[in-house]
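Topology and contacts: notes
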Amino acid sequence: MAITADKKKRRLLLLTRRFPFNRGEVAAESYLENEIGVLSTYFDEVLAVGTEAQPGDAPTCALPGNVTPLALGCGNTSKDKALLAVKGIAFPLLGGADVREAYATESVHGIGKRVFRGYFAARAKAKADVLAEELVRFGFEPTHIYSFWLYDTALVAAWLTGTYPCALFALPGIPPIQAFRSASLLERRGGIHKRELAGP
């Protein structure tokens, strides 16, 4: 389904691990199966991105007509994780400025923690790169971004606001609809509702 680029439309980019392709791999995201019906009423278009869902996966729940599902295809196998960890180790020297900044947000001690931080940054970068291409292909310019997780998808969301200056929400534990109701109220009052995120 092609998504239009009308500048006046409210467009939500919803970032998850598996939804709406979740077959039980990520139990917490089953919450969105009911929530999406209400959440979608606040937007003209919603692009629901399962960052770890694979191309060819079919949505596992009914979606409103204004919600387009996208399986991003970023792997989460043991092999994928090992490759990302190796790549992440080199990020302090070879990564771009955005990656180096995320990597250096806090000092960690011990090889295990350093490897995990590198893995985290590499995983977020891999998702961000693929998603950037898909947004161009879809012609989708988000006005709002919601990351269901305060993890790698939240870092992806933060990086995307450099390309798409928009409202950013990454509020785990707070239902998406509550976040957007609060945002709508702030918008009407002229408040600022962009939440900046640091790295891991």
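See the structure printed just above.
All values derive from a computational prediction rather than experimental measurement.

1. Quick notes on the overall build of the protein
Per the secondary structure count, the protein includes seven helices and five strands. Tracing the protein from N to C terminus, the helices and strands come up as β-α-β-β-α-α-α-α-β-α-β-α. Burial analysis of the protein (200 residues in total) assigns 46% to the buried set. Sequence separation of 24 or more characterises 71% of the internal contacts of the protein that already satisfy a separation of 6 or more. When the accessible surface of the protein is split by element, carbon and sulfur atoms take 58% of a total near 9800 Å².

2. Some words on unusual backbone geometry
At the junction of phenylalanine 19 and proline 20, the peptide bond is cis and its omega measures out at 5 degrees in the coordinates. Tracing the chain through its elements places proline 20 in the loop between strand S1 (11-16) and helix H1 (31-39).

3. Regarding the pattern of salt bridges
Under the counting rule described, the total for this entry stands at 13 salt bridges. A salt bridge links aspartate 57 to arginine 18, with the shortest nitrogen-to-oxygen separation between them at 3.3 Å. Within this pair, whereas aspartate 57 is found in the loop between strand S2 (45-50) and strand S3 (67-71), its partner arginine 18 is found in the loop between S1 and H1, the two being separated by 39 residues in sequence. Note on arginine 18: relative accessible area 8%, which makes it buried. Between lysine 127 and aspartate 152 there is a salt bridge, with its nearest N and O atoms 2.9 Å apart. Taken as a pair, lysine 127 in helix H5 (residues 111-138) and aspartate 152 in helix H6 (residues 152-160) lie far apart in primary sequence, 25 residues in all. Each member of the pair, lysine 127 as well as aspartate 152, carries the same accessibility label: buried. Salt bridges sharing partners connect three or more residues here, namely Arg17, Glu52, Arg123, Lys127 and Asp152.

Criteria and cut-off values
- Residues numbered from 1 in each chain as written.
- Predicted model: local features only at pLDDT ≥ 70, side-chain atom pairs only at ≥ 80, totals over all residues.
- Heavy atoms only, no water.
- Helix = DSSP H or I, 4+ residues; strand = E, 2+ residues; numbered from the N terminus.
- Buried < 20%, exposed > 50% of the residue type's maximum accessible area, 1.4 Å probe, protein only.
- Contact = heavy atoms within 4.5 Å.
- Areas by Shrake-Rupley, 256 points an atom, 1.4 Å probe, with all protein chains shown as cover.
- Salt bridge = Lys/Arg side-chain N within 4 Å of Asp/Glu carboxyl O.

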